Amino acid sequence: MNEYLIEGGKALAGEVTIGGAKNAALGILAAAIMTDEEVTIENLPNVSDINVLLEAIAGIGATVKRLDEHTVRMSGRTITSETVDSEYIQKIRASYYLLGALLGKRGKATVAMPGGCNIGARPMDQHLKGLRALGAEVVTENGFIKAKAEEMRGTHIFLDVVSVGATINIMLAAVMTQGMTIIENVAKEPHIVDVANFLNSMGANIKGAGTDVIRIRGVSQLHASTYSIIPDQIEAGTFMCLAVATKGDILLKNVIPKHLEAITAKLVEIGAEVRENDDSIRVVATRRLRATQVKTRVYPGFPTDMQPQMATVLTLSRGISTVTESIFENRFLYVAELLKMGAKVSVEGNVAVIEGVEELAGAALDAPDLRAGAALTIAALAAKGKSTIRQIEYIERGYENFEGKLRELGASITKQPVKGRGKASGIA
Ligand code: UD1
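This is a predicted model, so every value here is computed, not measured. As a convention, each chain's residues are numbered from 1 in the sequence order in which they are written. The model is predicted, so local features are restricted to residues of pLDDT at least 70 and side-chain atom pairs to those at 80 or more, both for listing and for counting; the totals for chains, interfaces and linings are taken over all residues. Hydrogens are left out, water is left out, and the side-chain values use all remaining heavy atoms of the structure.

As for the sheet that holds strand 12 (residues 205-207)
- If you walk across this open sheet you meet the four strands as 10-11-13-12, and the pairing is mixed. Each end of this open sheet is capped by a strand with a single partner; those strands are strand 10 (156-158) and strand 12. On average, each strand axis in the sheet is inclined to that of its neighbour by 15°, with strand direction left out of account.
- We treat two strands as partners when DSSP finds at least two bridges between them. A run of DSSP states H or I qualifies as a helix once it reaches four residues; a run of E qualifies as a strand once it reaches two. Both are numbered from the N-terminal end. Pairing between strand 12 and strand 13 (residues 213-217): three bridges, direction antiparallel. Opposite Asn205, over in strand 13, you have Arg217 as the bridge partner.
- Only heavy atoms matter for contacts: two residues are in contact if any of them lie within 4.5 Å across the pair. To define axes, lines are fitted to C-alpha atoms, for helices over the stretch in contact only, and angles between the resulting N-to-C directions are given on a 0 to 180 degree scale. Helix 6 (residues 164-174) rests against strand 10, strand 11 (180-184), strand 12 and strand 13 of the sheet, and its axis sits at about 20° to strand 13.

Some words on the packing of aromatic side chains
- The aromatic pairing rule takes the rings of Phe, Tyr and Trp, using the six-membered ring of Trp, and pairs them if the centres are within 6.5 Å, calling planes under 30 degrees apart stacked, those over 60 edge-to-face and the rest tilted. Tallied over the full model, the rule gives five aromatic pairs.
- Ring centres 5.8 Å apart and planes at 80° place the aromatic pair Phe239 and Phe402 in the edge-to-face group. Of this pair, Phe239 sits in helix 8 (residues 233-245) while Phe402 sits in helix 14 (residues 402-408), and the two are 163 residues apart along the sequence.
- Each residue is placed in one exposure class: buried if its accessible area under a 1.4 Å probe, protein chains only, is under 20% of its type's maximum, exposed if it is over 50%, and partly exposed if it falls in between. In this structure Phe402 comes out as buried when scored by relative accessible area, which is 3%.

Comments concerning the pairing of strand 3 (residues 38-42)
- In terms of strand pairing, strand 3 meets strand 5 (residues 71-75) through four bridges, oriented antiparallel. What sits directly across from Thr40, in strand 5, is Arg73.
- Bridge count for strand 3 against strand 14 (residues 225-228) is four bridges, and the pairing is parallel. Each bridged residue has a counterpart across the sheet, and for Thr40 the counterpart in strand 14 is Thr226.

Let's talk about the site of the ligand
- Here a residue is considered near a molecule or strand provided that any single heavy atom belonging to it is located within 4 Å of it. Not every one of the 20 residues close to the ligand is listed here, only the nearest: Gln126, Ser163, Val164, Asp305 and Ile327.
- Each polar contact in these results corresponds to two N or O atoms within 3.5 Å; when the atoms are within protein, one needs to be able to donate a hydrogen and the other to accept it, and residues that are neighboring in sequence are counted only if both atoms are side-chain atoms. Within the side chain of Asp125, an N or O atom sits 2.7 Å from a nitrogen atom of the ligand.
- A distance of 2.7 Å is found between an oxygen atom of the ligand and a backbone nitrogen or oxygen belonging to Gly165.
- Note on areas: Shrake-Rupley with a 1.4 Å probe; residue coverage comes only from the protein chains shown. Compared with its free state, where it exposes 740 Å², the ligand has 86% of that area covered by protein.
- Residue assignment for the shell around the ligand shows that the elements contributing at least two residues are helix 1 (22-32), helix 5 (125-133) and helix 6.
- Residue classes follow a fixed rule: Ala, Val, Leu, Ile, Met, Phe, Trp, Tyr, Cys and Pro count as nonpolar, while Asp, Glu, Lys and Arg count as charged, and any other residue, Gly among them, counts as polar. Across the shell around the ligand, the residue classes break down as nine nonpolar, seven polar and four charged.
- Segmentation of the chain into domains, including their bounds, is taken from an automatic or database domain assignment. Each of two domains, domain 1 (2-19 + 231-417) and domain 2 (22-228), supplies a minimum of three residues to the shell around the ligand.

So, the environment of Asn254
- Relative to the helices and strands, Asn254 is located in the loop between strand 15 (249-253) and helix 9 (261-269).
- Since its relative accessible area comes to 30%, Asn254 is described here as partly exposed.
- Separated by 24 residues in sequence, Asn254 and Asp278 place their C-alpha atoms 9.2 Å apart.
- Other than its neighbours up to four places away in sequence, Asn254 contacts Thr17, Ile18, Gly19, Asn43, Pro231 and Asp279.

Focus: the pattern of salt bridges
- Salt bridge, as applied in this entry: a Lys or Arg side-chain nitrogen positioned within 4 Å of an Asp or Glu carboxyl oxygen. Applying the stated criterion across every chain, the model contains 24 salt bridges.
- Measuring nitrogen to oxygen at the nearest pair gives 2.8 Å for the salt bridge that ties Asp49 to Arg397. With Asp49 in helix 2 (residues 48-59) and Arg397 in the loop between helix 13 (393-396) and helix 14, this residue pair connects regions lying 348 residues apart in the sequence.
- With its nearest N and O atoms 2.6 Å apart, the salt bridge here joins Glu235 to Lys405. Of this pair, Glu235 sits in helix 8 while Lys405 is found in helix 14, placing the two residues 170 residues apart along the sequence.
- Residue classification places Glu235 among the buried residues on the basis of a relative accessible area of 4%.

This is the structure in structure tokens:
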């Protein structure tokens, strides 16, 4: 167990290269087992969530070979089991993509039911509704979801809730299902498009990813592919907020500026300078910024995964801001930590009201979940004095070499072992 030791108060400046999108990679790795041929995935982020999913995939017998830190070669030909051990689901919810992938490939799948987590209850009803509509028999018993189907058929599915996970899981189950599947009211996040593009690169016939309606014509089999994952929108957004909070000047390389529009718009609105190039973006903030209102929305709205980082920026902005969380019910756990630093924030229901202060002070902090952990790191780097952040295992689930990248930008941050602390166990 490690913690960060941070000495804050410096304007961070320089260049940072953004890695592959974790949430795209989770869907893509599950999709990769659907062909019996070899698949090579490039630009894979080396973070613990990805490594756990690769273990889960190896655990069902698929071949997984790491070619280098960011490249993996896989084959689903050697799969021997359709049951995903509950150990993996407990560590990482997105192992449930193997439900759709195995059902689509082998006609049956058993995965443990993921529980809620620190940010909310996170039901799976829309996933199961979609699989049932395709013709699968799905039961939940003794904490497991068991799905099987003699034969599935393309159908028309209307999601009641816009869900990233349900969209991907149903897409995986439908890709080799005979006939046409139409899924309406789907999520449009960049990583949905990336998973669809990857499946199409293996011979799938998916149209409409990135719009409200996805149309999938089932194909009988998928084939080999080499595919490079898109850059991580949330890692990029985190460094953008870092530049603003520390009044710094950061050039982010390997980004898709279009995916960052909602974040860029808010930062410009509060007075930051954001310059977009083809595949890089520069964020400069030389003075104290203004307050604003932020409401999280499904893509292309402001991402819930950027809510804690943006709220942290607003604790230092002039005036009163509001941050409304409309996706998850419990995503303000980090506020208690910001209060220790002198921030003025009150939370009522799903709205945080933030009265900007001139500066934050270093404190002993605990990361309550992945994105909140990143937000607290931003707060500590902007604050005057020393901070410690514990439970950084959360941060390592989704940020590769976070402290190394921060040091390159001039941050004073070290990782050191913690003695006698409990282990973090929540799921993001
Ligand atoms: C994904 C992302 C996560 C991000 C979230 C929202 C991955 C691995 N994770 O999570 O980082 O914060 O999208 O952008 O990609 N819901 C239901 N029933 C369902 C499914 C979802 O009611 O069957 C609700 C959820 O409780 C939540 C909302 O729909 O309120 C959105 O959830 P969803 O988009 O499914 O999030 P995840 O896919 O879990």
